[in-house]
Amino acid sequence: DGGITQSPKYLFRKEGQNVTLSCEQNLNHDAMYWYRQDPGQGLRLIYYSQIVNDFQKGDIAEGYSVSREKKESFPLTVTSAQKNPTAFYLCASSISGGTVDTQYFGPGTRLTVL
Amino acid sequence: KQEVTQIPAALSVPEGENLVLNCSFTDSAIYNLQWFRQDPGKGLTSLLLIQSSQREQTSGRLNASLDKSSGRSTLYIAASQPGDSATYLCAATQGSQGNLIFGKGTKLSVKP
């Protein structure tokens, strides 16, 4: 089955720790995205990548980092510099990142800071 | 800066009713407008994508319209069912790299 997988589904972090969220896709899509969703809010773009070894900051990149070493993988690291990391994190991909492409979303990871 | 607004924030209707969800955007320079469905604690499922040159798109009981000049899109759901209960999000695509600007969503509840 083709699709986007995110792991883990739930993640708990102590203050001051870095954590990495996994996102893998087997759709052969070039573009991948990370969004953050807070209760009652729309999604906000953290980082996106349109090609391997290249990525750009979104609207709320501070306190986050990403890598894109492989086409199918786009991990997100939430660093200790992120002041309020508790949220629902969604990964998405699209064929080429162009303006006519639909974005396909993974099931999400819920991060809670203890 | 583009802002996307969805009204109402929540809507409860009896089964079988036809309903309209509203989405407005402040900058008409969009490439397309997408509607998504989100079930509690889940990811998003794409419902319809309307290109900027199009006026509407249909899929089954769903019909989405786009009026760029007035900065509005509507999602029409015919003969609503309890299984339609979810949060519906609209998103405008801005920039040549396909970045989405999301509204906060409308939480729909269809009562049996």
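Residues numbered from 1 in each chain as written. Chains lettered and ligands numbered in written order. Predicted model: local features only at pLDDT ≥ 70, side-chain atom pairs only at ≥ 80, totals over all residues. Heavy atoms only, no water.

Draft legend 1. View of the overall build of chain A. The helix and strand tally for chain A stands at zero helices and 11 strands. Along the chain direction, N to C, the helices and strands of chain A fall in the order β-β-β-β-β-β-β-β-β-β-β. A compact globule built from 114 residues should have a C-alpha radius of gyration of about 13 Å, and chain A, at 13 Å, falls within 12% of that. For chain A, the C-alpha atoms occupy an extent of roughly 40 × 25 × 25 Å along the three principal directions. Every one of the 114 residues in chain A was classed for burial, and the buried ones make up 50%. Counting only contacts in chain A whose residues sit at least 6 apart along the sequence, the fraction spanning at least 24 positions is 55%. Surface accessibility of chain A: about 5500 Å² in total, with carbon and sulfur atoms responsible for 48%. (Helix = DSSP H or I, 4+ residues; strand = E, 2+ residues; numbered from the N terminus. Rg over C-alpha atoms; globule rule 2.2 N^0.38 Å. Buried < 20%, exposed > 50% of the residue type's maximum accessible area, 1.4 Å probe, protein only. Contact = heavy atoms within 4.5 Å. Areas by Shrake-Rupley, 256 points an atom, 1.4 Å probe, with all protein chains shown as cover.)

Draft legend 2. Spatial organisation of the pattern of salt bridges. One pass over the structure, following the stated rule, counts five salt bridges over all chains. For Arg61 of chain B, the salt bridge goes to Asp84 of chain B, with nearest N and O atoms at 2.9 Å. One end of the pair, Arg61 of chain B, is in the loop between strand E6 (56-59) and strand E7 (62-67); the other, Asp84 of chain B, is in the loop between strand E8 (72-77) and strand E9 (86-94), and 23 residues separate them in sequence. Classification of Asp84 of chain B by relative accessible area gives buried; the value is 7%. The network of salt bridges with shared partners includes Arg36, Asp38 and Arg44 of chain A. (Salt bridge = Lys/Arg side-chain N within 4 Å of Asp/Glu carboxyl O.)

Draft legend 3. How the structure looks around the packing of aromatic side chains. As enumerated under the stated definition, the model contains nine aromatic pairs over all chains in all. Where Tyr35 of chain A meets Phe102 of chain B, the ring centres are 5.6 Å apart and the plane angle is 85°; that geometry is what we call edge-to-face. Placement of the pair is Tyr35 of chain A in strand E4 (residues 31-37) and Phe102 of chain B in strand E10 (residues 99-102), with the two residues belonging to separate chains. Exposure class is identical for Tyr35 of chain A and Phe102 of chain B. Each is buried. Centroid distance Tyr47 of chain A to Phe55 of chain A: 5.9 Å. Interplanar angle 80°. Geometry classified as edge-to-face. By the ring-pair criterion, three or more aromatic residues cluster together here, those being Tyr33, Tyr35, Tyr48 and Phe105 of chain A together with Phe36 and Phe102 of chain B. Over the ring of Phe74 of chain A we find Arg68 of chain A, and its NZ or CZ is 6.0 Å from the ring centre. (Phe/Tyr/Trp six-rings, centres within 6.5 Å; stacked < 30°, edge-to-face > 60°. Lys NZ or Arg CZ within 6 Å of the ring centre and 35° of its normal.)

Draft legend 4. Fine view of the sheet that holds E8 of chain B. Residues and elements named next belong to chain B. Ordered by their spatial adjacency, five strands build an open sheet running E1-E3-E8-E7-E6, and the pairing between neighbours is antiparallel. Edge positions in the sheet fall to strand E1 (4-7) and E6, since each has one partner strand and no second. Strand after strand, the sheet turns through a mean of 15° between neighbouring axes, direction not considered. In this sheet, E8 lies alongside strand E3 (residues 19-25) in antiparallel orientation, the contact comprising six bridges. (Pairing = 2+ DSSP bridges. Axes fitted to C-alpha atoms, helices over the stretch in contact; angles between N-to-C directions.)

Draft legend 5. Examining the interface of chain B and chain A more closely. Between chain B and chain A, the contact holds 24 residues from the first and 26 residues from the second. Where chain B touches chain A, the interface holds zero salt bridges. Across the chain B-chain A interface, the total number found is one residue pair in polar contact (both at pLDDT 80 or more). Taken together, the elements giving at least two residues each to the side of chain B that touches chain A come down to strand E4 (32-38), strand E5 (44-51), E9 and E10 of chain B. (Polar contact = N/O pair within 3.5 Å; in protein donor to acceptor, adjacent residues only side chain to side chain.)

Draft legend 6. Focus on the side chain of Asn32 of chain B. Relative to the assigned elements, Asn32 of chain B resides in strand E4. Among the residues examined, Asn32 of chain B registers a relative accessible area of 0% and is labelled buried. When near neighbours in sequence (up to four residues on either side) are disregarded, Asn32 of chain B contacts Thr99 and Val100 of chain A together with Leu49, Ile50, Gln51, Ser52, Ala91, Ala92 and Thr93 of chain B.

Draft legend 7. Structural view of the pairing of strand E6 (residues 54-57) of chain A. All names here are of chain A. Pairing analysis gives three bridges linking strand E5 (residues 43-51) to E6, with the strands arranged antiparallel. Across the sheet, residue Ile51 finds its bridge partner in E6, namely Asp54. Between the end of E5 and the start of E6, which pair antiparallel, lie two residues, with Asn53 showing a positive phi angle near 65°.

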